[in-house]
Amino acid sequence: MPEPFLLRYIHEPDQGEMDAYLARGGYEGLRRALTMAPEQVVEEVEKSGLRGRGGAGFSTGRKWKFLPRDPAVTKYLVVNADEGEPGTFKDRTLMEGDPHRLIEGMVIASYAIDAHQAFIYLRREFHQARAALERAIAQAYARGYLGRNIGGSGFHLDVIIATGAGAYIAGEETALLESLEGRRAMPRLKPPFYPAVKGLYMQPTALNNVETLCHVAWILARGEAWYRQQGSPILFSVSGHVQRPGVYELPLGTTIRRVIEAAGGLRPGRTFKACFPGGTSSAILPAAYLDTPMDYDLARLDVYGSMLGSAALIVMDDTTCMLEVVARTIEFYRDESCGKCTPCREGTVWLTQVFDRILQGQGRMEDLELLNGIARGMTGTCFCPLGESVPPAIYSTVRFFRDEYEHHIRAASCDVKAAVRV
Amino acid sequence: MSGLSPDARAAIRRLAATFPERQSALLGALFVAQEEAGVLYPEVVADVAEVLQMPAAEVAAVASFYHLYRFRPEGRHLIQVCTNVSCMLNGCQAVLTHLQRRLGVGLGETTSDGRFTLKAAECLAACEVAPMMMVGPDRHGPLRVEQLEEILDRYA
């Protein structure tokens, strides 16, 4: 198996310092990029096969190609560092442990798309990441990796950190831009507001995830051929009922089972019950899917709308009440819904009411069809991906854990919890 | 309650100058204001609006959208206990129940000595240390109920 590189220096205490970063080969990717034409940099990233690590998995090189090349048009780079998908913590880990890597990736990306201002929209709660980034940015300015005439190339770039203020919806790209412009984080209509066409301040904007830009720094440093030989690594955030929760760097296509093994497996005496493979926006999969490859290729993972998403694997063992998990998840989306569109605003409230009823022992058998019906009403009808994130957990659990729902309704109690107590 | 000091106004102006458009500084400006005044009182919101040359109603509308702005006084230290799925699977409820009992407050409430405000939070992106909480800017986890006393002691 290839050596990890994204996480390679993450635990070195001095990795956030410019000299240590340079001594470990830092900014080599930028130096190489500056010897190439911007179009060649885009080409190299496209050839690497890199797909965005924010959750949508779109080709990074192709995304950059959507921006106009006209030098008279002002373009921006915006980094989505508003990591908030439940179960996801890899971007925070990268920013705290290797902040210069993100800065390097940002300069390369800005050079590739001809942007001279770049913004990091950082989650407000990431105090340590902000301190690490502010320090790294100051060092990069002092040493000529940011500001005027970077590396003697004539290229100039300024980087600005802006923080959110507590809103999951701000992670949606157009809502993020609204927030960065000082407004409520409500998503924009697509079309016409594709960021590459009408993004920040209505100018063409490349919006990239933190991990994506860290990959870019490595791709330019070592070349796309080397990168592809590494098996397209991805950072999995593994949490829940595993022995060693944490961030793991493994090739795309690693099976759910192998990712769980990497995280130390389940706790002694416990067995696997289910998982969210890609954050709480993905469907919940039972043990029958343990050998499914974790890949953007939806051929196998696309069970009731399951997906790789942000690669946040949340593992649940046999002590877990699935209804409690789904109810908690829906409550989250209800509270974080911006209220702009009806299916999301109302659907999440209705679903919560049905779950509350069932969990309080007042469920009815027809509630199962009602849950599926509300979920169908939210599928393909919501204004943005937040509302669309809700149905997969409903569809999948009503299908795979129907017995558990029926028991709750029939016996007005939880058989899983009862078994754990015994 | 009076409005913002000249220093805070200057800090907001400096922030505004870093962005291509002034309004982009609004979220940051509200934090500057909140750090100084403690609470986003209407007078404070009006001052932020004046410095950024925006209608006060628009500033208030933006502020009310986000969780991290305060419109009522809170304690010196904000305790945010994550209650999302990964922390729930790892027993956050016991942590929350213990803190409620120990501090004698419900969710969203402040201790009578003004030391702590207790809140349940959504995923704070630190599931590797679930169950976890933040006290002010600090992350704590994986939490065990027995450790909570010692953690609270660190915050005067």
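Visitor: Any chance you could explain the overall build of chain A here in plain terms?
Guide: What chain A contains, in helices and strands, is 19 helices and 9 strands. A globule of 422 residues ought to have a C-alpha radius of gyration of about 22 Å, and chain A, at 22 Å, matches this closely. Considering only C-alpha atoms, chain A reaches an extent of 75 × 45 × 35 Å along its principal axes. By residue count, 55% of the 422 residues in chain A fall in the buried class. Intrachain contacts of chain A at a sequence separation of at least 6 include 70% that bridge at least 24 residues.

Visitor: Even after reading the chapter, I still don't get the sheet that holds strand β4 (residues 205–209) of chain A, so can you show me in this structure?
Guide: Whether parallel or antiparallel, the strands of a sheet pair through hydrogen bonds between backbone atoms. Residues and elements named next belong to chain A. The strand order across the open sheet built from 4 strands is β3-β2-β1-β4, with neighbouring strands paired in parallel fashion. Taken across any chain shown, the strands that pair with only one partner, and hence form the sheet edges, are β3 (158–163) and β4. Strand-to-strand twist across the sheet, computed as the mean angle between neighbouring axes with direction ignored, equals 20°. Pairing geometry for strand β1 (residues 76–81) and strand β2 (residues 117–122), over 6 bridges, is parallel. The partner of Asn80 across the bridge, within β2, is Tyr121. Running at roughly 145° to β1, helix α6 (residues 99–113) makes contact with β1, β2, β3 and β4 of the sheet.

Visitor: It is not clear to me how the nonpolar core should be interpreted in this structure. Could you clarify?
Guide: Among the nonpolar cores identified, the biggest contains 183 residues, and Ile108 of chain A together with Ile12 of chain B are the most heavily contacted of them. With residues near it in sequence (within four places) discarded, Ile108 of chain A still touches Gly29, Leu30, Ala33, Val41, Val216, Ala217 and Leu220 of chain A.

Visitor: Just to check I follow, could you spell out the sheet that holds strand β9 (residues 312–317) of chain A for this structure?
Guide: Residue and element names in this part refer to chain A. Strands sit in the order β6-β5-β9-β7-β8 across an open sheet of 5 strands; the sheet is mixed. The sheet is open, and its two borders are formed by β6 (246–251) and β8 (285–286), each paired with just one other strand. Taken together, the 2 bridges between strand β7 (residues 272–276) and β8 define a ladder with antiparallel strand orientation. The residue of β8 that forms the bridge with Ala274 is Pro286.

Visitor: Got a minute to help me understand helix α9 (residues 210–222) of chain A in this structure?
Guide: Side chains of residues three or four places apart in an α-helix project in the same direction, reflecting 3.6 residues per turn. Residue and element names in this part refer to chain A. Over its 13 residues, α9 runs 19 Å from end to end, which matches the ideal 18 Å to within 8%, given 1.5 Å per residue. Among the 13 residues of α9, 12 are classified as buried, and the element is accordingly described as predominantly covered. Listing the buried residues of α9 in full gives Val210, Glu211, Thr212, Leu213, Cys214, His215, Val216, Ala217, Trp218, Ile219, Leu220 and Ala221. Gly223 sits one or two residues past α9 and shows a positive phi near 95°.

Visitor: Please explain the confidence of the model for chain B as it appears in this structure.
Guide: In low-pLDDT regions, the fine details of the predicted coordinates are not to be read closely. Confidence along chain B averages 97 in pLDDT terms, with 99% of residues attaining 70 or more. We note a pTM of 0.97 for the whole complex and an ipTM of 0.97 for its interfaces.

Visitor: Where do I start with the interface of chain A and chain B in this structure?
Guide: In many analyses, interface size is given as the accessible surface area lost on bringing the parts together. Each partner contributes residues to the interface: chain A has 42 residues there, and chain B has 32 residues. Those elements that place two or more of their residues in the side of chain A that touches chain B are β3, α8 (173–180), β5 (233–240), β9 and α13 (322–336) of chain A. In terms of residues, the side of chain A that touches chain B owes the most to one element, α13 of chain A, which gives 5 residues. Each residue belonging to the side of chain A that touches chain B can be placed in one class, and the counts come to 15 nonpolar, 18 polar and 9 charged.

Visitor: Just to check I follow, could you spell out the environment of Gln362 of chain A for this structure?
Guide: All names here are of chain A. Tracing the chain through its elements places Gln362 in the loop between α14 (342–359) and α15 (367–378). Of the residues examined, Gln362 has 11 C-beta atoms within 10 Å and is grouped as exposed. Along the sequence, Gln362 and Trp64 sit 298 residues apart, while their C-alpha atoms lie 53 Å from each other.

Visitor: How should the domain arrangement of chain A be read in this particular structure?
Guide: Residue and element names in this part refer to chain A. When its domains are assigned, chain A resolves into domain 1 (18–229), domain 2 (233–317) and domain 3 (322–421). Computed from C-alpha atoms alone, the centre-to-centre distance between domain 2 and domain 3 is 21 Å. Counting from both sides, the interface comprises 13 residues of domain 2 and, opposite them, 13 residues of domain 3. For the side of domain 2 that touches domain 3, a count of residues per class yields 8 nonpolar, 5 polar and no charged.

Visitor: I'm lost on the environment of Ala129 of chain A in this one. Help?
Guide: Residue placement: Ala129 of chain A occurs in helix α7 (residues 127–142). When neighbours within four sequence positions are excluded, Ala129 of chain A is seen to be in contact with Arg92, Met95, Glu96 and Leu122 of chain A.

Visitor: Looking at this model, I keep getting lost on helix α17 (residues 391–400) of chain A. Mind explaining?
Guide: Burial analysis of α17 of chain A places 9 of its 10 residues in the buried class, the great majority of the element. Residues of α17 of chain A that are buried sit in contact with β8, α13, α15 and α18 (402–411) of chain A.

Basis of the calculations
Residues numbered from 1 in each chain as written. Chains lettered and ligands numbered in written order. Predicted model: local features only at pLDDT ≥ 70, side-chain atom pairs only at ≥ 80, totals over all residues. Helix = DSSP H or I, 4+ residues; strand = E, 2+ residues; numbered from the N terminus. Rg over C-alpha atoms; globule rule 2.2 N^0.38 Å. Buried ≥ 20, exposed ≤ 12 C-beta atoms within 10 Å, placed from the backbone. Contact = placed C-beta atoms within 7 Å. Pairing = 2+ DSSP bridges. Axes fitted to C-alpha atoms, helices over the stretch in contact; angles between N-to-C directions. Core = buried A, V, L, I, M, F, W, Y, C linked by C-beta atoms within 7 Å. Expected span 1.5 Å × (residues − 1). pLDDT = per-residue confidence, 0-100. Nonpolar A, V, L, I, M, F, W, Y, C, P; charged D, E, K, R; others polar. Domains from an automatic or database assignment.

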